[in-house]
Amino acid sequence: MDAKARNCLLQHREALEKDIKTSYIMDHMISDGFLTISEEEKVRNEPTQQQRAAMLIKMILKKDNDSYVSFYNALLHEGYKDLAALLHDGIPVVSSSSGKDSVSGITSYVRTVLCEGGVPQRPVVFVTRKKLVNAIQQKLSKLKGEPGWVTIHGMAGCGKSVLAAEAVRDHSLLEGCFPGGVHWVSVGKQDKSGLLMKLQNLCTRLDQDESFSQRLPLNIEEAKDRLRILMLRKHPRSLLILDDVWDSWVLKAFDSQCQILLTTRDKSVTDSVMGPKYVVPVESSLGKEKGLEILSLFVNMKKADLPEQAHSIIKECKGSPLVVSLIGALLRDFPNRWEYYLKQLQNKQFKRIRKSSSYDYEALDEAMSISVEMLREDIKDYYTDLSILQKDVKVPTKVLCILWDMETEEVEDILQEFVNKSLLFCDRNGKSFRYYLHDLQVDFLTEKNCSQLQDLHKKIITQFQRYHQPHTLSPDQEDCMYWYNFLAYHMASAKMHKELCALMFSLDWIKAKTELVGPAHLIHEFVEYRHILDEKDCAVSENFQEFLSLNGHLLGRQPFPNIVQLGLCEPETSEVYQQAKLQAKQEVDNGMLYLEWINKKNITNLSRLVVRPHTDAVYHACFSEDGQRIASCGADKTLQVFKAETGEKLLEIKAHEDEVLCCAFSTDDRFIATCSVDKKVKIWNSMTGELVHTYDEHSEQVNCCHFTNSSHHLLLATGSSDCFLKLWDLNQKECRNTMFGHTNSVNHCRFSPDDKLLASCSADGTLKLWDATSANERKSINVKQFFLNLEDPQEDMEVIVKCCSWSADGARIMVAAKNKIFLWNTDSRSKVADCRGHLSWVHGVMFSPDGSSFLTSSDDQTIRLWETKKVCKNSAVMLKQEVDVVFQENEVMVLAVDHIRRLQLINGRTGQIDYLTEAQVSCCCLSPHLQYIAFGDENGAIEILELVNNRIFQSRFQHKKTVWHIQFTADEKTLISSSDDAEIQVWNWQLDKCIFLRGHQETVKDFRLLKNSRLLSWSFDGTVKVWNIITGNKEKDFVCHQGTVLSCDISHDATKFSSTSADKTAKIWNVSNGELLHLCAPLSEEGAATHGGWVTDLCFSPDGKMLISAGGYIKWWNVVTGESSQTFYTNGTNLKKIHVSPDFKTYVTVDNLGILYILQTLE
């Protein structure tokens, strides 16, 4: 070794000995060929970590320059960048070219890229498979920087993952093809919540500086979009490696226009994605020579010197790299036991544990059993403890420290023994160590220790309870994420039902978990463990699941909403409400502000029945002809049949190999048809679940199916992504008719009640009616046009019509598009009603046989049963947002206009409604003593109605344009109005005199009466003015915002003045000098306003210490600090005004759904 390198190592020896963990450093040096197995043993025999480090450095000092470089690179890869920096100046010039290690051929650049991307290291014993590695590299080069797929496929355990990692361990490939880096994701078998966690973790890795978003994506679609942006903008020309992909639907989530290398046992998984595709098959077993090479490396012998038994062992191992490695690790420890291990394998001394397995490995159990039996007695039980680990889950060291009640170093030493014997794998990225088992090893352990599993799970829960309280886990703790994701799993597996219910029915746990990972995984757990949770209380379980589902769009936003306040909005009978009320009362005593929604009982739930029969999205549900049964299907690949009245399950069938998209009862209820992403249509016996027919003529996934309504000649219609509709006769094996005319996927089809017409709807935005006999198109309705007619139309809006259903008389047809449901008259093509209830995409709608109710199924995992009359009626009685409120002692009186122009007086406490008159009004108001009401219209006219005798007084001083706001003075003698004509009128209606306040240049949307006959007005011109309403003089003029001023208020002591604007800010000013005191609603980091839109109204508390503002929701602010004190999220959004009682304890508003909110502070 050069003197300079030696001196550098000696100079920093103390720091190195103090910090490094030798196990992983030695792995690298052994892999590079600069440390022998015997030297490793010598180091490991030292009693303490520091002494082991000292021994390793002593050995390196006696070696050459290449050893110094290998040690330096090992430090870099293991995250000891500070220590590596100390040795950087001493790096000697090595003889190998291109800065590569003399043995491995890997540059420090490659090491750094792979380390940062989480690519696994080479196994301790590594055998090159150059032909396969070259083939993979050639395919990767063919991508040429464009989006595409390279698939490595072969049976489990054949070395696909090692090959994928090895292929990118090449300097020229990374530099030339993937300069943006490499990102490794261990996928495995996943459900949707597990996949979301994988995507969230990947997005976090790719956006470590949080420059794109501060919160995790809340659903798979959002995560897919985030991933696409990150790969395109932050990591262009990078490679995404997906290890162990099982399902095609999982792959779709990563289809983000990037370059992808994936390993899988099923090469057809890429059939569902677009782009160039290349395949590299891996033979299912190692050749004899490669197997011998692995053994020779383990026992440190030349291949030619291996004993005869080595050849027989390779034969018994069936060529599996995993099995050969297990035996090789044993022989390294016991080199004289060749004959012994061969006999164990040949005689199957260790009987097969699994009677059946998804893996075709006859030798695996024997090899695993031998390896476990050969462990030291004092660590065998620790390996048994690993039986509770799930597949594809990497466990932080800290979790096992808690399980075994040991220090980190002790745990790592034990785990390293398992790693050395190929019984465990370690994923090392920097100083973070995570351990995992191969799927085969998980199968082996769970089967072998099946009788102990419950106790093992109980053990980890007991240990967890010693160290942690569930809701006090901190995100900066290494083991935090593991407990949030798997604590409930361990409790359920331990059959600790009482503890599981206490955890899942805890508002504290829900708050802590959703704040970190969002609600998706929790909802999944409520479904997964419903059979346990329902044992305690079915209603409570439903309360919590409903709470999470209904508030899923809020639980995950930043800043995180107050979950206690959300809980207070639940029905008073709900366990969620009761826990929230208890916590709120305790916190109110400490000065916290909470609101009760006192009229929430009047908000009726239109759904008659809500069931969750599936563990994933429900794509379709349908009635049987007698209306007694409901069949449903979805993303979990099953067909479910249950009672329509109670939701009780009758039948469950694993119907297809992929997601089941639609199902239909035949007219006589004997059959149920299903169709799937797997391109097949199947017919089932509806009572027994027996398969009757299979059709497979469609060339793409089959989206819909429906039987004719007559049983005399039973036909089945199907629609597919191939744009075609097909008709099938159950007595024939082939398709009878094909209909074409749609230009995109056919999503749904339905026969009319008389079977003469077939309705179909498509991703092309149209609903088409076909002649069922001739297969000719009869009518076409463009549904997209109705979305363009809504507020905020977007010309490029994509409107996919998902489904349709006829009423019994054929006069009406219902369709679903986006999250809306429309009812149409088929003759006039006019819309009858629409309803909103689902939280996500609606996939299916269907009328009951008598038309009195209908089913809808959705991505939110629910099937809802609606009453048709109630839905139509409800959609017609929504309040407009122009309301006025009078607070009298304990009474809250609300004057409002509904959508059919009825003026009504609502008692906010009792809910009683008095209908007054019909009028086309733009605004309305109540007099302070409830003797008069006034209203203005779009033509500028103003009228006053005396409630006692219905006398009407009309103003002769009419505005020129729409009247936006009117208000009585306290003595009820004067009515003040503002308008689009930029004018304010002060009308003494009893004397019929009027004063005009002119000075604004644009629309005066609103004003506020102050003390001493003063009036505060604000306008679209960006100014705020103070007027004397007796003289008509303008006393003050403020320029507060660049955009439209939406609302203003002055504190009761007249020292502070607040304003809100279309620039989405609320500002607090000093009245005397015009100084800006606080900016209450700045834009957040993501660019979204903290109010969820424009701040449209605000009001000071009487003491001037608090300010309430309205926008997308309602917020309370501390005026002194400018910080938010509380937020109330309404069901709808776009609040226009907030009415506040004089004591600042009651608040009234209406959202854009027409829902009235009367809120009261909790005391």
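Residues numbered from 1 in each chain as written. Predicted model: local features only at pLDDT ≥ 70, side-chain atom pairs only at ≥ 80, totals over all residues. Heavy atoms only, no water.

As recorded by an unreviewed UniProt entry, the protein carries the name Apoptotic peptidase activating factor 1 and is attributed to Homo sapiens.

Draft legend 1. A look at the UniProt feature "repeat: WD" (unreviewed entry) in the protein. Mapped onto the present numbering, the UniProt feature "repeat: WD" (unreviewed entry) falls at residues 611–652, 653–694, 695–738, 739–780, 835–867, 956–988, 997–1037 and 1038–1079. The span residues 956–988 shows a helical share of 0% and a strand share of 55%, and its end C-alpha atoms are spaced 12 Å apart. (UniProt positions renumbered as here; feature names shortened; annotations may be inferred. Helix = DSSP H or I, 4+ residues; strand = E, 2+ residues; numbered from the N terminus.)

Draft legend 2. Main features of the packing of helix α25 (residues 480–493) against helix α26 (residues 497–504). Interhelical geometry of α25 versus α26 gives an angle of 155° and a closest axis separation of 8 Å. The angle between α25 and α26 places the two elements in the roughly antiparallel class. Here the hand of the crossing between α25 and α26 comes out left-handed. Contact residues: L487, A488, M491 and A492 in α25; E499, L500, L503 and M504 in α26. Looking at the contact of α25 with α26 residue by residue, the classes come out as seven nonpolar, no polar and one charged. (Axes fitted to C-alpha atoms, helices over the stretch in contact; angles between N-to-C directions. Parallel < 35°, antiparallel > 145°, perpendicular 65-115°, else oblique. Left-handed = near helix turned anticlockwise from the far one by under 90°. Contact = heavy atoms within 4.5 Å. Nonpolar A, V, L, I, M, F, W, Y, C, P; charged D, E, K, R; others polar.)

Draft legend 3. Here's a closer look at the packing of aromatic side chains. Inspection of every chain in the model, using the stated rule, returns 22 aromatic pairs. A ring pair is formed by F425 and Y436, whose centres lie 5.7 Å apart and whose planes are at 25°; its orientation type is stacked. Of the two residues, F425 is situated in strand β7 (residues 425–429) and Y436 in strand β8 (residues 432–436); the sequence distance between them amounts to eleven residues. Under the relative-accessibility criterion, F425 is labelled partly exposed at 26%. Ring centres of Y932 and W989 lie 5.0 Å apart, and the angle between their planes is 70°; on these two criteria the pair is classed as edge-to-face. Taken together, the residues Y932 in strand β39 (residues 932–936) and W989 in the loop between β44 (983–988) and β45 (993–998) connect sequence positions 57 residues apart. Judged on exposure class, the residue Y932 and its partner W989 are both buried. The rings of F464, Y482, W483 and F486 are connected pair by pair, giving a single aromatic cluster. (Phe/Tyr/Trp six-rings, centres within 6.5 Å; stacked < 30°, edge-to-face > 60°. Buried < 20%, exposed > 50% of the residue type's maximum accessible area, 1.4 Å probe, protein only.)

Draft legend 4. Quick look at the environment of M846. In this fold, M846 is placed in strand β31 (residues 842–847). Spatially, the C-alpha atoms of M846 and H620 are 9.1 Å apart, while their sequence positions differ by 226 residues.

Draft legend 5. View of the sheet that holds strand β40 (residues 942–946). A sheet is described by the order of its strands in space; here four strands give the open sequence β38-β39-β40-β41, paired in antiparallel fashion. Looking at which strands have only one partner, the edges of the open sheet turn out to be β38 (923–926) and β41 (952–954). Across the sheet, the axes of successive neighbouring strands diverge by a mean angle of 20°, strand direction being ignored. (Pairing = 2+ DSSP bridges.)

Draft legend 6. Representation of the nonpolar core in the model. Counting residues in each nonpolar core, the largest one holds 86 residues, and the members touching the most others are Y383, L386, W404, F418, W483, L500 and M504. Among the elements that take part in this core, α25 stands out by supplying ten residues, more than any other. Filtering out sequence-adjacent residues up to four positions away, L386 remains in contact with L400, W404, F418, L424, L437 and L445. Core analysis: the next-biggest nonpolar cluster, separate from the first, contains 29 residues, V113, L132, L143 and V282 among them. (Core = buried A, V, L, I, M, F, W, Y, C linked by side-chain atoms within 4.5 Å.)

Draft legend 7. Spatial organisation of the pairing of strand β56 (residues 1114–1118). Of all the five residues making up β56, four are buried; the element is thus mostly covered by neighbouring parts of the structure. In the sheet, strand β55 (residues 1106–1110) pairs with β56 via five bridges, with the strands oriented antiparallel. Following the sheet pairing, L1107 is matched in β56 by W1117. Hairpin connection, β55 to β56: the antiparallel pair is bridged by three residues. Pairing analysis gives four bridges linking β56 to strand β57 (residues 1124–1128), with the strands arranged antiparallel. The residue of β57 that forms the bridge with K1115 is T1127. Counting the residues in the hairpin turn of β56 and β57 gives five residues, including G1122, whose phi is positive at 75°.

Draft legend 8. How the structure looks around helix α5 (residues 49–61). A rise of 1.5 Å per residue sets the reference length of α5, with its 13 residues, at 18 Å; its end C-alpha atoms lie 19 Å apart and thus fit the reference within 8%. Within α5, the full set of buried residues consists of R52, A53, M55, L56, I57, M59, I60 and L61. (Expected span 1.5 Å × (residues − 1).)

Draft legend 9. Structural context of the pattern of salt bridges. Evaluated as defined, the whole model comprises 37 salt bridges. For the salt bridge of E515 with K511, the shortest nitrogen-to-oxygen distance reads 3.2 Å. Within this pair, E515 and its partner K511 are both found in helix α27 (residues 507–517), separated by four residues, close to a single helical turn. Measuring nitrogen to oxygen at the nearest pair gives 2.4 Å for the salt bridge that ties R998 to E983. In this pair, R998 is assigned in strand β45 and E983 in strand β44, connecting sequence segments 15 residues apart. Salt bridges sharing common partners tie together D1006, R1008, D1049, D1097 and K1137. (Salt bridge = Lys/Arg side-chain N within 4 Å of Asp/Glu carboxyl O.)

Draft legend 10. Structural detail: the environment of E283. Relative to the helices and strands, E283 resides in the loop between β5 (277–281) and α15 (288–299). Expressed as a C-alpha distance, the spacing of E283 and H153, which sit 130 residues apart in the sequence, is 8.8 Å. Not counting residues within four places of it along the chain, the set of residues in contact with E283 comprises R129, L132 and C158.

Draft legend 11. Region of interest: the pairing of β39. Of all five residues in β39, five are buried, a share of seventy percent or more. By the alternation rule, side chains of β39 split into Y932, A934 and G936 and I933 and F935, which are all buried. As paired strands, β38 and β39 are joined by four bridges and run antiparallel to one another. Along β39, the bridge assignment pairs C923 with G936.

Draft legend 12. Fine view of the sheet that holds strand β12 (residues 629–634). Spatially, β11-β12-β13-β14 is the arrangement adopted by the four strands of the open sheet, whose pairing is antiparallel. Every other strand in the sheet has two partners, leaving β11 (618–623) and β14 (649–654) as the edge strands with one partner each. Strand-to-strand, the axes of this sheet are offset by a mean angle of 15°, without reference to chain direction. Summarising the sheet, β12 and strand β13 (residues 638–643) pair through five bridges and their orientation is antiparallel. What sits directly across from C633, in β13, is L639.

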